[in-house]
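Results of the structural survey
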Amino acid sequence: MSAYETAIWAAYLLSVVAFVVGLHLMNSPATARSGNAVSAAGMVLAVAATVAVVAHEGTISGTGLAIVAAGVLAGGAGGLWLARTVAMTAMPQLVSLFNAVGGAAAALVGVHEFAAHGPDLDLAVAAIGAVDILIGGVTFSGSLVAAGKLHGVVPSEPLVFRGRRSSTAAAALISVLAAGYLVIEPHNVVALSILAVAALGLGTALVVPIGGADMPVVISLLNALTGTAVAMAGFLLGSLPLIAAGALVGASGTILTRLMAAAMNRTVTAIVAGGFGTADATAAAGPTVPVRSISAEDAAIQLAYATKVVIVPGYGLAVARAQHEVAALAAELEERGVEVSFAIHPVAGRMPGHMNVLLAEANVPYPSMHELTQANAELPRTDVALVIGANDVTNPAARRPGNAVSGMPILDVDRASAVIVIKRSLGHGYAGIDNELYNDRRTGMFFADAKQGVAAIRATLSTLVG
Amino acid sequence: MTTALALSITVFVLSVLIGFEVISKVPATLHTPLMSATNAIHGIVIAGAILIAAAADSAAGYAIAFVAVAFATANVVGGYAVTARMLRMFQRRPAAVASPQASVSSPQASVGRPS
């Protein structure tokens with residue numbers, strides 16, 4: 001190797017090492033920030049090495065240079081603006097959007113390679129390239145639909161329409177056939193175009209029927225797929241850093257997907273098939289046992305005189321943007337000497353760790369955010385469990401077989417001495433079944449919007465003495 | 001199969017295994033920043049986008065390269081920026097609350113304390 005080749009190789013190797021070390025530092029909140037910085041430094045190095053390669057080869061045209069400069073400026077400004085301005089409650093859709101554009105870029109690299117060097121491609125590399133376009137296209141349209149659902153511009157209900165399965169199957173079949181044809185005839189622009197369009201259709205058809213509460217699984221899965229597509233693009237270009245970095249992301253997304261699916265006791269296949277709980281939603285309507293409704297005063301008194309309070313946040317907290325009110329309530333209770341912690345279910349919210357980020361935004365210290373196992377160990381010793389905007393993940397029916405949530409790991413909220421649920425109505429959660437927790441005689445239902453409800457409790461709390 | 005392809009597959013497989021090993025230790029608290037950070041890492045596709053921009057020689061090629069570069073840059077820059085923004089919020093003790101009692105709640109303390 002020449003000195004130049006050695007330098008490029010070393011830079012790429014160092015950048016991949018930086019990605020691995022950066023991810024390793026994410027093991028603890030204390031080191032995670034430096035992890036992100038290390039990873040970003042690796043990225044700068046990888047981009048610098050690529051620019052050096054292009055400059056050294058000297059083949060880039062003036063137009064090509066202008067294209068790169070314009071693309072970097074436009075994409076960089078857009079990305080930075082979104083990253084700085086989007087509210088924390090909108091994080092799931094933003095992450096999904098960045099995932100979409102990454103998948104699209106990977107697919108476009110594949111499209112360009114086929115269009116420019118199709119006939120020169122090795123058969124195995126052509127097959128990998130076809131998969132790159134397929135997966136990249138699916139993640140682009142799939143992530144856009146997911147982001148649309150999370151942002152409320154696409155209905156978040158599981159959309160079940162006639163011919164849903166057959167249109168998905170048709171898109172899948174056309175994609176695979178076009179991909180196969182492209183591998184045999186890599187210069188065929190028609191096959192290339194059909195593959196790209198069919199992949200976009202497949203991504204849309206796959207995600208549209210999936211409901212909002214399954215989003216933690218879907219976002220993780222799409223993240224894994226984008227990583228894989230980028231690795232496949234690396235195979236096409238013969239670029240080892242793309243392969244290594246893409247594979248790391250693919251592995252990470254796969255782990256998160258499996259964790260999220262396990263936390264719902266559902267298979268990834270069942271989630272992608274869509275339509276959770278929609279079948280018996282009407283049949284299960286209407287509570288049979290009356291529930292006990294309480295006021296803000298009742299709730300405040302119970303909380304103020306408790307020794308230990310566990311707060312269980314759910315997606316309703318994110319919708320009401322109540323994280324700051326809830327954090328303030330926790331701080332006020334702690335000032336009164338009440339021990340407060342947060343019990344966070346893995347699939348609370350719309351993406352893995354969604355609640356943790358919202359609470360962190362509201363200055364809740366991370367050591368007081370407890371995971372499922374830890375929270376379940378302390379719930380039996382808890383005086384008051386305060387459930388805010390969470391539903392299915394607290395339903396004791398999950399311990400019995402024969403219903404929509406059977407077998408799902410739940411937070412044992414019903415084992416606390418008393419339970420307060422802040423909820424707007426007795427409406428069903430995503431699973432579409434009654435929550436038996438609400439009928440428990442130790443449960444008080446405080447019917448209110450999460451933010452207003454917590455504010456009302458805080459107002460009462462300040463009037464209580466001692 | 002070419003030697004280059006064999007090497008590529010080796011790198012891919014080993015990277016997947018390293019990824020499993022490193023990621024499985026990340027606590028649930030950090031799952032959103034983790035996802036956002038890995039999101040930024042797959043923005044490495046920007047290197048591929050620059051390479052195709054260098055190879056492009058037709059209007060269609062330039063159009064594809066432009067969109068690829070813009071998308072990949074948005075992915076990288078936005079991904080790292082938003083991850084940094086999220087991680088800045090994770091702290092052991094709240095900065096805004098002055099009272100020391102208000103922030104005393106370590107996992108050990110809450111597990112060990114009788115109720």
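Keep in mind the model is a prediction, meaning the values are calculated, not measured. (Residues numbered from 1 in each chain as written. Chains lettered and ligands numbered in written order. Predicted model: local features only at pLDDT ≥ 70, side-chain atom pairs only at ≥ 80, totals over all residues.)

1. Quick look at the overall build of chain B
In terms of helices and strands, chain B carries five helices and zero strands. A buried classification covers 56% of the 115 residues belonging to chain B. In chain B, 58% of the contacts between residues at least 6 apart in sequence involve partners at least 24 apart. (Helix = DSSP H or I, 4+ residues; strand = E, 2+ residues; numbered from the N terminus. Buried ≥ 20, exposed ≤ 12 C-beta atoms within 10 Å, placed from the backbone. Contact = placed C-beta atoms within 7 Å.)

2. Observations regarding the domain arrangement of chain A
Interfaces are frequently sized by the accessible area removed from exposure as the parts join. Residue and element names in this part refer to chain A. When the domains of chain A are assigned, the result is domain 1 (1–78), domain 2 (91–276) and domain 3 (296–463). A straight line from the C-alpha centre of domain 1 to that of domain 2 covers 24 Å. Facing seven residues of domain 1, the contacting portion of domain 2 comprises five residues. Tallying contributions element by element places helix 1 (residues 3–24) first for the side of domain 1 that touches domain 2, with six residues. The residue inventory of the side of domain 1 that touches domain 2, partitioned by class, reads six nonpolar, one polar and no charged. (Domains from an automatic or database assignment. Nonpolar A, V, L, I, M, F, W, Y, C, P; charged D, E, K, R; others polar.)

3. Some words on unusual backbone geometry
Residues and elements named next belong to chain A. At Asn265, a position not held by glycine, the phi torsion is positive, near 50°. Within the element layout of this structure, Asn265 appears in the loop between helix 9 (240–263) and helix 10 (268–273). On the basis of neighbour count, Asn265 is assigned to the partly exposed category, with 14 C-beta atoms found within 10 Å. A positive phi angle is found at Asn363, which is not glycine, with a value near 65°. On the secondary structure map, Asn363 appears in the loop between helix 14 (354–361) and strand 3 (369–370).

4. With respect to the nonpolar core
The biggest cluster of nonpolar side chains holds 214 residues, and the ones touching the most others in it are Leu195 and Ile388 of chain A together with Ala49 and Val69 of chain B. The residues contacting Ile388 of chain A, other than those within four sequence positions of it, are Ile311, Val312, Pro313, Gly314, Gly316, Leu317, Ala322, Val326, Ile422, Ala450 and Val454 of chain A. (Core = buried A, V, L, I, M, F, W, Y, C linked by C-beta atoms within 7 Å.)

5. Considering helix 2 (residues 31–41) of chain B
With 11 of its 11 residues buried, helix 2 of chain B lies for the most part within the structure. Here helix 2 of chain B has its buried residues at His31, Thr32, Pro33, Leu34, Met35, Ser36, Ala37, Thr38, Asn39, Ala40 and Ile41 of chain B.

6. Looking at the pairing of strand 6 (residues 443–447) of chain A
Residue and element names in this part refer to chain A. Of all five residues that make up strand 6, four are buried, and the element is covered over most of its length. Pairing of strand 5 (residues 418–423) with strand 6, which is carried by five bridges, proceeds in the parallel orientation. Bridge pairing links Val419 to Thr443 in strand 6. (Pairing = 2+ DSSP bridges.)

7. Regarding helix 14 of chain A
Residue and element names in this part refer to chain A. Most of helix 14 is tucked away: eight of the eight residues are buried. Along helix 14, the residues that are buried comprise His354, Met355, Asn356, Val357, Leu358, Leu359, Ala360 and Glu361. Asn363 lies just past helix 14 and shows a positive phi near 65°.

8. A closer look at the environment of Val45 of chain B
Within the secondary structure, Val45 of chain B is located in helix 3 (residues 45–55). Given 37 C-beta atoms within a 10 Å radius, Val45 of chain B is considered buried. Along the sequence, Val45 of chain B and Phe71 of chain B sit 26 residues apart, while their C-alpha atoms lie 9.4 Å from each other. Aside from chain neighbours lying at most four places away, what touches Val45 of chain B is Gly102, Ala105, Ala106, Val109, Val230, Ala233 and Leu242 of chain A together with Ala72 of chain B.

9. Some words on the interface of chain B and chain A
Counting from both sides, the interface comprises 93 residues of chain B and, opposite them, 114 residues of chain A. Looking at the side of chain B that touches chain A, the elements that each hand over two or more residues are helix 1 (3–23), helix 2, helix 3, helix 4 (59–89) and helix 5 (107–112) of chain B. Counting residues per element, the side of chain B that touches chain A draws most heavily on helix 4 of chain B, at 28 residues. In terms of residue class, the side of chain B that touches chain A is made up of 59 nonpolar, 28 polar and six charged.

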